[in-house]
Amino acid sequence: MGDAHRQAIRAYKAGHPIIIVGHSAGGAAARAMAARLDNASIPVRLLVTLAPWTELKVPPNVQRSINIVPTGYENHFTVILAHERELIRYVTAAAGVGPTGKDQTRHAAH
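Residues numbered from 1 in each chain as written. Predicted model: local features only at pLDDT ≥ 70, side-chain atom pairs only at ≥ 80, totals over all residues. Heavy atoms only, no water.

### Observations concerning the overall build of the chain
For clarity, the cut-off: Segments assigned H or I by DSSP are reported as helices when at least four residues long, segments assigned E as strands when at least two residues long, and all are numbered from the N terminus. Three labels apply to residues, based on accessible area from a 1.4 Å probe with only protein chains included: buried if under 20% of the type maximum, exposed if over 50%, partly exposed otherwise in between. Here a residue-residue contact requires only that any non-hydrogen atoms of the pair lie within 4.5 Å.
Each helix and strand in the chain was counted, giving four helices and three strands. If you list the helices and strands of the chain from N to C, you get α-β-α-β-β-α-α. A burial count over the chain gives 32% of its 110 residues as buried. Sequence separation of at least 24 residues holds for 55% of the intrachain contacts in the chain that already meet a minimum separation of 6.

This is the structure in C-alpha cells:
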C-alpha cells in the first residue's frame, strides 16, 4: 500500500480528487488507505466499499462514503450490479467528470 499511498498524495497535490474503491478484502484495504491519507491530512472525496469482509470506521477525511453490503443469502455480485448506475454516477460526480466529459465538480456536504 505504500506506493499507492504515495501516488495518491502526488495526485492530490497535482489537483486530482482522491476516489478509493474496494471489494471484499479490498474494502478493508480501501478504508486503511483512507486512514493513511487522513494521517497525511489528505481528503478523500469518495470511498466505495463493495461487500467488505470487515466493518471499519470511516476516517474523518472521507467526504462521502458508500458501503454496499448484501443481506442474507444474496449473491454479492448481483447486489453490486443492481447499484451499478448509482455507483457510476457517484464516481463520475466525485471525479468532476460527467457524461459529457466536461468538468462538473460537485462539493459533497459534510
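### Notes on the sheet that holds strand E2 (residues 46-50)
Keep this limit in mind: The rule for pairing is simple: two strands pair if DSSP sees at least two bridges between them. Here an angle of 0 to 180 degrees is reported between the N-to-C directions of two axes, which are lines fitted to C-alpha atoms, with helices fitted over the stretch in contact.
Spatially, three strands are ordered E1-E2-E3 in an open sheet, and the strand pairing comes out parallel. Single-partner strands in this sheet number two, and they are strand E1 (19-23) and strand E3 (65-68). Sheet twist, expressed as the mean angle between neighbouring strand axes with direction ignored, is 5°. Bridge analysis of E2 against E3 gives four bridges, and the strand direction is parallel. Bridge pairing links leucine 50 to isoleucine 68 in E3. Contacts between helix H2 (residues 25-39) and the sheet are confined to E1, E2 and E3, with E1 contributing the most and set at about 150° to the helix.

### Details of H2
Test applied: The span expected for a helix works out to 1.5 Å for each residue beyond the first.
Over its 15 residues, H2 extends 22 Å from the first C-alpha to the last, a length consistent with the 21 Å expected when each residue adds 1.5 Å. The set of residues buried in H2 consists of Gly27, Ala28, Ala30, Arg31, Met33, Ala34 and Leu37. Phi turns positive, to about 60°, at serine 41, one or two residues after H2.

### Examining unusual backbone geometry
Here the phi dihedral of serine 24 falls at roughly 60°; this positive angle occurs in a residue that is not glycine. As for its placement among the helices and strands, serine 24 is situated in the loop between E1 and H2. Notably, serine 41 is not glycine yet its phi reads approximately 60°, a positive angle. Looking at where serine 41 falls in the secondary structure, it is placed in the loop between H2 and E2.

### Focus: the pairing of E2
Here is the rule: Look down the strands so they point away from you; if the path from the first strand over the helix to the second goes clockwise, the crossover is right-handed.
Within E2, five of the five residues are buried, which leaves it mostly tucked inside the rest of the structure. Where E1 lies against E2, five bridges are found, and the strand directions are parallel. Considered in E2, the bridge of valine 21 is made with valine 48. Handedness of the β-α-β unit built from E1, H2 and E2 comes out right-handed.

### Description of the nonpolar core
Quick reminder of the rule: In this description, a nonpolar core means a group of buried Ala, Val, Leu, Ile, Met, Phe, Trp, Tyr and Cys residues linked to one another through side-chain atoms lying within 4.5 Å.
Grouped together as the largest cluster of nonpolar side chains are twelve residues: Ala8, Ile9, Ile18, Ile20, Ala30, Met33, Ala34, Leu37, Ile42, Val44, Leu47 and Val62. Counting only elements with at least two residues in this core, the list comes to helix H1 (2-13) and H2. Top contributing element to this core by residue count: H2, with four residues. Not counting residues up to four positions away in its chain, the partners in contact with leucine 37 are His5, Ala8, Ile9, Ile18, Ile20, Ile42, Val44 and Asn61.

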